[in-house]
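# Analysis of the macromolecular model
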Amino acid sequence: DGLQNHVFAPIGTTWGREDARYTREYMRDYIRKVNAQGAVVTVNVKIYTDGACSGNPGPGGWGAVIISENEEHELSGGEVETTNNRMELTAVIRALTAAHRHNELEIHTDSQYVKNGMQSWLKSWKKNNWRTADKKPVKNQDLWQQLDELSSTKTLHWVWVKGHAGEDMNERVDTLARDAATALK
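Heads up: these notes are all about the structure in this document. (Residues numbered from 1 in each chain as written. Predicted model: local features only at pLDDT ≥ 70, side-chain atom pairs only at ≥ 80, totals over all residues. Heavy atoms only, no water.)

Relative to each other, helix H2 (residues 84–98) and helix H4 (residues 141–151) sit at 25°, their axes nearing to 10 Å. Overall, the two elements H2 and H4 adopt an arrangement that is roughly parallel. Judged by the sense of rotation from one axis to the other, the crossing of H2 with H4 is left-handed. Packed against H2, whose contacting residues are Arg86, Leu89, Thr90, Val92, Ile93, Leu96 and Thr97, the element H4 presents Asp142, Leu143, Trp144, Gln146, Leu147 and Leu150 at the interface. Looking at the contact of H2 with H4 residue by residue, the classes come out as eight nonpolar, three polar and two charged. (Axes fitted to C-alpha atoms, helices over the stretch in contact; angles between N-to-C directions. Helix = DSSP H or I, 4+ residues; strand = E, 2+ residues; numbered from the N terminus. Parallel < 35°, antiparallel > 145°, perpendicular 65-115°, else oblique. Left-handed = near helix turned anticlockwise from the far one by under 90°. Contact = heavy atoms within 4.5 Å. Nonpolar A, V, L, I, M, F, W, Y, C, P; charged D, E, K, R; others polar.)

Here we come to the environment of threonine 82. One can find threonine 82 in strand E5 (residues 71–82). Owing to a relative accessible area of 3%, threonine 82 belongs among the buried residues under this scheme. Expressed as a C-alpha distance, the spacing of threonine 82 and proline 57, which sit 25 residues apart in the sequence, is 5.1 Å. (Buried < 20%, exposed > 50% of the residue type's maximum accessible area, 1.4 Å probe, protein only.)

In this section: the side chain of aspartate 110. As for its position among the elements, aspartate 110 is in the loop between strand E6 (104–109) and helix H3 (112–127). Only 3.5 Å separates the side chain of aspartate 110 from the side chain of asparagine 170, close enough to count as a polar contact. Residues contacting aspartate 110, with those up to four places away along its chain left out, are Thr49, Asp50, Glu88, Trp160, Val161, Lys162, Gly163 and Asn170. (Polar contact = N/O pair within 3.5 Å; in protein donor to acceptor, adjacent residues only side chain to side chain.)

Next up on the list: the layout of surface pockets. A volume near 240 Å³ is recorded for the largest pocket. Along its surface, the largest pocket is lined by 13 residues, and Met118, Gln119, Leu122, Lys123 and Ser151 are the ones closest to its centre. Going through the elements one at a time, H3, H4 and strand E7 (155–160) are the ones with two or more residues in the lining of the largest pocket. Looking at the lining of the largest pocket element by element, the count peaks at seven residues for H3. Here the lining of the largest pocket is composed, by residue class, of five nonpolar, four polar and four charged. (1 Å grid on protein atoms, 1.4 Å probe; cavity = no way out; pocket = protein on both sides within 12 Å on 5 of 7 lines; lining within 4 Å. Points joined across faces, edges and corners; volume = space filled by probe spheres on them.)

To continue, consider the packing of aromatic side chains. In total, this model carries three aromatic pairs according to the counting rule given. The rings of Tyr113, Trp121, Trp125 and Trp144 are connected pair by pair, giving a single aromatic cluster. (Phe/Tyr/Trp six-rings, centres within 6.5 Å; stacked < 30°, edge-to-face > 60°.)

All right, on to the pattern of salt bridges then. Applying the stated criterion across every chain yields a total of six salt bridges. As a salt-bridge pair, aspartate 148 and lysine 126 come within 2.9 Å of each other at their nearest N and O atoms. You can see aspartate 148 sitting in helix H4 and its partner lysine 126 sitting in helix H3, a full 22 residues away along the chain. Residue classification places aspartate 148 among the buried residues on the basis of a relative accessible area of 17%. The network of salt bridges with shared partners includes Glu72, Glu74 and Arg172. (Salt bridge = Lys/Arg side-chain N within 4 Å of Asp/Glu carboxyl O.)

By themselves these figures say nothing about function.
Next comes the structure, spelled out in structure tokens:
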């Protein structure tokens, strides 16, 4: 398809070509980067995560699907008394733990809380001794610290997906999370 001669940047990069086949959706499956030796490396591990809670707080569940090469793994679990945000974070933590052998991963989440926390807020929280801009303690600090530790040696590409919008993998992890929460009622 002529793509072997191209090097692609992470999702969100503005492409210089007007050609419709270079849209972000098309490129999602061809994300590549150039390593220090100039070799093309393909991001071949995708993680889809979601959290759910029946009541907030209440019984909650998390779900994840890890796709690498020719393998797919489903993970799920839950807690009797938790919040939705804790389940969203737990889904990513459990998926990264399971994918520990991989150094570069693409994480799909419908949680702006998780995505923005990792991409925008985390550095400030750490610099401010785990305090928000309002000087209040960061909620779910224990999980944020776990996620920070797990991600410190990896290259993560964050992809936000709109929840409950018919995206197959997001619907799949939503079902895993809801089923895990329901099992705890």
